[in-house]
Amino acid sequence: MSNVQGKTIEMLQHNEAIWELYLANREEQQEFDFYKDMKPFVDGVKETCDAWLALVIPWVNTARPTYLGEAQLQQVADNIQMIAVSAFNGKSFYKHFNDHYQSVEYTLKRVLEKAP
């Protein structure tokens with residue numbers, strides 16, 4: 001397994017954790033501490049995004065896989081970080097959240113399919 005694949009799997013795991021957190025907060029709004037709960041979670045997602053982008057952007061620019069571009073990958077990183085924050089608010093609009101979640105998942109799975 002390549003570094004690109006490993007980081008992409010890690011991104012998919014973050015995406016699933018975000019989805020589960022959102023669904024739990026949607027059912028019953030849980031109390032959370034910003035510095036103890038939210039900040040470490042969101043910072044962890046951001047660190048993974050930064051490391052993933054550092055690996056995947058050079059690969060995409062070199063290998064030129066079909067239907068994957070640098071702007072699309074940057075959008076994935078932006079979207080996953082946005083929903084990581086929104087997941088703590090169970091009152092976030094479901095369709096909007098779900099669209100971003102599915103978009104991130106779709107692109108990450110395309111990267112996994114095409115990565116060496």
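Up top is the structure.
Throughout, a residue's number is its position along its own chain's written sequence, starting from 1. Residue-level local features of this predicted model are given only where pLDDT is at least 70; pairs of side-chain atoms are given and counted only at 80 or more, and the full residue set underlies all totals for whole chains, interfaces and linings. Think of the side-chain values as coming from all heavy atoms in the structure, minus any hydrogens and water.

Asker: Hey, could you run me through the side chain of Thr8 in this one?
Answerer: Note on conventions: DSSP H or I runs of at least 4 residues are helices, E runs of at least 2 residues are strands, and numbering of each starts at the N terminus. Structurally, Thr8 can be placed in helix 1 (residues 3–27). Polar contacts, as used here, are pairs of N or O atoms within 3.5 Å; protein pairs need one atom able to donate a hydrogen and one able to accept it. Residues neighboring in sequence count only if both atoms are side-chain atoms. A polar contact of 2.6 Å, which involves the side chain of Thr8, links it to the backbone oxygen of Val4. If we skip the residues at most four places from it in the chain, Thr8 touches Trp52, Leu108, Val111 and Leu112. By the convention used here, residues are in contact when the closest approach between their heavy atoms is within 4.5 Å.

Asker: How should the packing of aromatic side chains be read in this particular structure?
Answerer: Two measures describe an aromatic ring pair: the distance that separates the ring centres and the angle between the ring planes. The aromatic pairing rule takes the rings of Phe, Tyr and Trp, using the six-membered ring of Trp, and pairs them if the centres are within 6.5 Å, calling planes under 30 degrees apart stacked, those over 60 edge-to-face and the rest tilted. Taken as a whole, this structure holds 9 aromatic pairs when the rule is applied. Residues Trp19 and Tyr94 carry aromatic rings whose centres are separated by 6.0 Å and whose planes lie at 55° to one another, so their mutual orientation is tilted. One end of the pair, Trp19, is in helix 1; the other, Tyr94, is in helix 4 (residues 94–114), with 75 residues separating them in the sequence. Using a 1.4 Å probe on the protein chains alone, a residue whose accessible area is under 20% of its type maximum counts as buried, one over 50% counts as exposed, and one in between counts as partly exposed. Assessed through its relative accessible area of 11%, Trp19 is described here as buried. Between the aromatic rings of Tyr22 and Phe97, the centroid separation amounts to 3.9 Å while the plane-to-plane angle is 10°, which identifies the pairing as stacked. Remark: Phe97 occurs in helix 4 and Tyr22 occurs in helix 1; sequence separation between them is 75 residues. Per residue, the accessibility class of Tyr22 equals that of Phe97, and both read buried. For a Lys NZ or an Arg CZ to count as sitting over a ring, it must be within 6 Å of the ring centre and within 35 degrees of the ring normal. Positioned above the aromatic ring of Tyr106 is the side chain of Arg110, whose terminal nitrogen or guanidinium carbon lies 4.4 Å from the ring centre.

Asker: I keep staring at the environment of Met38 and nothing clicks. Help me out?
Answerer: You can see Met38 is positioned in helix 2 (residues 34–63). On the basis of relative accessible area, Met38 is assigned to the buried category, the value being 12%. With 49 residues separating them in the primary sequence, Met38 and Ala87 have C-alpha atoms 9.5 Å apart. With sequence-adjacent residues up to four places away left out, Met38 is seen in contact with Phe32, Asp33, Val85 and Phe88.

Asker: Looking at this model, I keep getting lost on the nonpolar core. Mind explaining?
Answerer: For soluble globular proteins, nonpolar side chains are generally found buried alongside one another. Buried residues of nine kinds, namely Ala, Val, Leu, Ile, Met, Phe, Trp, Tyr and Cys, make up a nonpolar core once their side-chain atoms join them within 4.5 Å. Ranked by size, the top nonpolar core spans 32 residues in total, and within it Ile18, Trp52, Val56, Trp59, Leu73 and Val111 carry the most contacts. Breaking this core down by element, the ones donating at least two residues are helix 1, helix 2, helix 3 (70–86) and helix 4. Sorting elements by how many residues they give to this core places helix 2 first, with 10 residues. Once residues lying within four places of it in the same chain are set aside, the contact partners of Val56 are Val4, Leu73 and Val111.

Asker: Looking at this structure, I do not really get the environment of Ser92. What am I missing?
Answerer: You can see Ser92 is positioned in the loop between helix 3 and helix 4. Along the primary structure Ser92 and Lys7 are separated by 85 residues, whereas in three dimensions their C-alpha atoms are 28 Å apart. Ignoring sequence-local partners within four residues, the contact set of Ser92 consists of Tyr22 and Ser86.

Asker: Looking at this structure, I do not really get unusual backbone geometry. What am I missing?
Answerer: Backbone geometry follows two general trends: most residues other than glycine have a negative phi, and most peptide bonds adopt the trans configuration. A positive phi is found at Arg64, a non-glycine position, where the angle reads about 50°. As for its position among the elements, Arg64 is in the loop between helix 2 and helix 3. Phi angles above zero are rare outside glycine, and Tyr67 is one such case at about 65°. Along the chain, Tyr67 turns up in the loop between helix 2 and helix 3. We classify Tyr67 as exposed; its relative accessible area is 76%.

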